[in-house]
Amino acid sequence: MNLSLATPPPLSGAKNAVDESQAVFVPGEHVSVLLPLPVETAYDYAVPDTETLVPGDVVEVPLGRRFEVGVVWGPGQGGVAPARIKTVVQRIGVPPIPAVSRRFIDWVAAYTLQPVGTVLRMTLNPARRWKPQKPATVICAAGPSLATAGLKPTPARERVMAAVMRAREFATLADLAKAAQTGAGVVRGMIDAGVLLQKPAGPKVLMSPKVTMSAPALEPDQRAAVAEIAAKLGKGFSATVLEGVTGSGKTEVYFEQIAKVIDAGGQALVMLPEIALTAQWMNRFMARFGFAPTEWHSDLAGKQRRANWLGVIDGSASVVVGARSSLFLPFKNLQLIVVDEEHDSAFKQEDGVIYHARDMAVVRAREGAIPIVLSSATPSLETLVNIEAGRYARVHLPVRYGQASMPQVEIVDMRVHKPEKGHWGRAWLSPPLVQAIDETLRAGEQTLLFLNRRGYAPLTLCSTCGHRLHCPQCTAWLVEHRLTKRLQCHHCGYNAPRPTACKHCAAENSFVACGPGIERVAEEAQARWPDFKVRMVASDTLDRPSAVAELIDDILSRRIDVLVGTQVLAKGHHFPHLTLVGVVDADLGLSSWDLRAAERTYQLLHQVSGRAGRADRKGRVLLQTHDTAHPVIQALGSAAPEAFYASETAARRSLAMPPFGRLTSLIISGTDEIRVTAVGRALAETAPRGEGIEVLGPAPAFMALLRGRHRHRMLLRTRRDVKPQGLVQEWLAKARIPSSVRVQVDIDPQSFF
């Protein structure tokens, strides 16, 4: 995204959302209420006799035969007969959605061509099921003793009394029972007898966290970076790229900015691309600040999600760490945004409202007139172009923190160093890598074997007739997982047992695994080093935050000698005793059809290489490759990315591809391929034309069948200065699209599957 482009206007249905924060709507007056539904416009309602409302108020309104929770978006828009205007039921007991959040919702909806109500849903969802909070109570001693109340002084009751005497008050019955190591029934009986009293709690006082922990000693480059970024706090919008080699201390630099925001009574948001990164990050945060930040991600339970949401909107949550959806939280006083690993493709939301969280974070910072920090060891090409254009500032940390040095990267030519087969079957580790692992294990250090491919093998075929097992719902091969003894599709989740006979040729027990997955590499590693602990790690083995924390503890406690993992281990982690990284297949991804394939492969391999030697031990990285001359491999081997980025920039510029041109993707999908094809042809006939505009397709998507839906793709390519939103709106308005066919619009697509 290029912020030099003109900002798309708000959608017509939400045009009253901006600059209405001082308005007050009295009983009987009409207000427009935006609902968190796929709607383009707000609906008019009357203010009830018992309320006054302001823009941003969260209200319950009647909608047909049901009730829905929405947001007062401004004054009524008129055009509806007064007799048809229904009345707001009630105001929900939460603070109003801030004006900056409402402006941001409008902007995102206009830019992504999504219904504004659908975008509002991402902000409002926790409040839609809001229940009135029960009055807070505390449990304390009532005065009478056990004997006075006629209760036998059992050991359990005496423990309860002792706990109450120590702590004076307990917030809940369960808290007191736990402290006394007894059952809730004992406490409840003492309340009924009058020994204990459950009374209303006093008013809650919100205390802003204070930074009392001692900050670490910073290197000169870090101190300079801290000073440069800190000078921008409170000075309006700015975008700064914090670029530094892996292990250079970028996190500590932005922690210092967070400390200043906390002391100023503001809020800070840190966005991480994956939940797997939060465990170690949280530990570092706790060590630095002495309190836990508020988390926001999909694994939160409903009750905790609502509590965290309320903490954000009432200002008691001073620091939020979260995934991409955290950007839509209604912050009361947001003063800083940090996007860590800004280059990561996980920041792209591919379903529902399609947006890139990094780009939208820049917009949110601009709308709120606050600084944003984009942190990465390998900034995206889009970010580098924004630096060159002067839109973003750049702060650089060129060396690792303390005594650590960058690892030595060695290229292993697999055409020369072919793996030696063992009793376990085909081998995937070359002799140089095997020798390096031997040396590392003898030294008592840890190894990471990296392969960005889950499962045992990416392909299973019949050795008799060559039939390949594929997903019945997707254009994808089934991946064998031997740990679960199932074949699985990594796109839709379909799974089935491995067949005993081929349905094409009837040959029995003829299916063989082709190619390596991490299970197969882990099998080889365990066979080669049976006396050492080998652990396989992938996203499907880390199914909860506690599993991530347990894994990190096992690594730091040196209960694991060899890690075999995917990209879930490639970034953000700090393991002091991990000194060797072996990339099993460095070529994986380089032959992709994706225009960003080379850039992403470089970023990923650079990140995983950075796990080696992050403390006082020297690190080594071995890249196994069949294409030693590839620019990505050369850039990694020489530790000189400038030439790679220069060639990548020149190639994109010559083709007018992002960031030097703009792409908009239209995915046409449906269960009936004939109808999907017909809609594609109709869209091609009415496609926009003109200077700087080109339409490619329709053609079957690379993933032509996904979750049972046939998919065709069209690409709108425009010059950098041509805004695609208006073109697409006019284009789709001309089309007659049956309800059984869906056209999904992706502005600035990141993937092309």
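So, here's what we can say about the structure.

### Remarks on the sheet that holds strand β29 (residues 661-670)
Read across the sheet, four strands follow the order β30-β31-β29-β32 without closing on themselves; strand pairing throughout is antiparallel. The sheet is open, and its two edges are formed by β30 (693-706) and β32 (741-747), each paired on a single side. Taken over all neighbouring pairs, the strand axes of this sheet differ in orientation by 20 degrees on average, direction set aside. Examined bridge by bridge, β29 and strand β31 (residues 709-719) share 10 bridges and lie antiparallel to one another. Among the inter-strand pairings, leucine 663 is bridged to a residue of β31, identified as arginine 717.

### Some remarks on the environment of arginine 713
Within the secondary structure layout, arginine 713 lies in strand β31. The exposure class of arginine 713 is buried, given its relative accessible area of 13%. When near neighbours in sequence (up to four residues on either side) are disregarded, arginine 713 contacts Ser665, Leu666, Ile667, Leu696, Gly697, Pro698, Ala699, Ala701, Ser751, Phe752 and Phe753. Here the side chain of arginine 713 touches serine 665 through a polar contact of 2.4 Å, side chain to side chain.

### So, the nonpolar core
In terms of nonpolar packing, the biggest core is built from 107 residues, with Trp309, Leu327, Ile337, Ile372 and Leu563 touching the most fellow members. Counting 28 residues, the second-largest nonpolar core is a separate cluster that includes Phe255, Ile262, Trp281 and Phe289.

### Things to note about the packing of aromatic side chains
This structure, assessed with the given rule, holds 14 aromatic pairs. Geometrically, the ring pair formed by phenylalanine 255 and tryptophan 281 is edge-to-face, given 5.6 Å between the ring centres and 80 degrees between the ring planes. With phenylalanine 255 in helix α7 (residues 250-263) and tryptophan 281 in helix α8 (residues 278-289), this residue pair connects regions lying 26 residues apart in the sequence. Neither phenylalanine 255 nor tryptophan 281 differs from the other in exposure class; each is buried. Three or more aromatic residues joined by ring pairs form one cluster here, namely Tyr254, Phe255, Trp281, Phe285, Phe289 and Phe291. When the ring centre of phenylalanine 289 is taken as origin, the NZ or CZ atom of arginine 288, which lies over that ring, is 4.8 Å away.

### Focus: the pattern of salt bridges
As enumerated under the stated definition, the model contains 29 salt bridges in all. Bridged by salt links that share partners, the residues Arg535, Asp553, Asp554 and Arg559 form one connected network.

### Brief notes about the packing of helix α1 (residues 99-112) against helix α10 (residues 357-368)
What describes two packed helices is the angle between their axes and the distance between those same axes. Viewed as axis vectors pointing N to C, α1 and α10 meet at an angle of 140 degrees, and their least axial separation amounts to 10 Å. With respect to α10, the element α1 is oriented oblique. Note that α1 runs across α10; the crossing there is right-handed. On the side of α1, the interface is formed by Val100, Ser101, Arg103, Phe104, Trp107, Val108 and Tyr111, while α10 contributes Met360, Val363, Arg364, Arg366, Glu367 and Gly368. Here the residues of the contact of α1 with α10 are counted per class, giving seven nonpolar, two polar and four charged.

### A word on the pairing of strand β16 (residues 371-376)
Along β16, six of the six residues are buried, which leaves the element largely enclosed by surrounding structure. In β16, alternate side chains face the same way, and those of Pro371, Val373 and Ser375 on one face and Ile372, Leu374 and Ser376 on the other are all buried. In the sheet, strand β13 (residues 334-340) pairs with β16 via four bridges, with the strands oriented parallel. By the bridge assignment, aspartate 340 is partnered in β16 with serine 375.

### Observations concerning the side chain of glutamate 243
Along the chain, glutamate 243 falls in strand β9 (residues 238-244). The buried category is assigned to glutamate 243, whose relative accessible area is 14%. Discounting chain neighbours no more than four positions away, the residues touching glutamate 243 are Lys250, Ser376, Pro379, Arg394, Val395, His396 and Leu397.

### Notes on the side chain of glutamine 624
Note that glutamine 624 resides in strand β28 (residues 620-625). The class of glutamine 624 is buried, set by a relative accessible area of 1%. At 2.8 Å, the side chain of glutamine 624 and the backbone nitrogen of serine 430 are in polar contact. For glutamine 624, the residues in contact, after removing those within four places along its chain, are Val412, Met414, Trp428, Leu429, Ser430, Leu433, Val583, Val584, Asp585, Ala586 and Asp587.

So, how was this worked out
- Residues numbered from 1 in each chain as written.
- Predicted model: local features only at pLDDT ≥ 70, side-chain atom pairs only at ≥ 80, totals over all residues.
- Heavy atoms only, no water.
- Pairing = 2+ DSSP bridges.
- Helix = DSSP H or I, 4+ residues; strand = E, 2+ residues; numbered from the N terminus.
- Axes fitted to C-alpha atoms, helices over the stretch in contact; angles between N-to-C directions.
- Buried < 20%, exposed > 50% of the residue type's maximum accessible area, 1.4 Å probe, protein only.
- Contact = heavy atoms within 4.5 Å.
- Polar contact = N/O pair within 3.5 Å; in protein donor to acceptor, adjacent residues only side chain to side chain.
- Core = buried A, V, L, I, M, F, W, Y, C linked by side-chain atoms within 4.5 Å.
- Phe/Tyr/Trp six-rings, centres within 6.5 Å; stacked < 30°, edge-to-face > 60°.
- Lys NZ or Arg CZ within 6 Å of the ring centre and 35° of its normal.
- Salt bridge = Lys/Arg side-chain N within 4 Å of Asp/Glu carboxyl O.
- Parallel < 35°, antiparallel > 145°, perpendicular 65-115°, else oblique.
- Left-handed = near helix turned anticlockwise from the far one by under 90°.
- Nonpolar A, V, L, I, M, F, W, Y, C, P; charged D, E, K, R; others polar.

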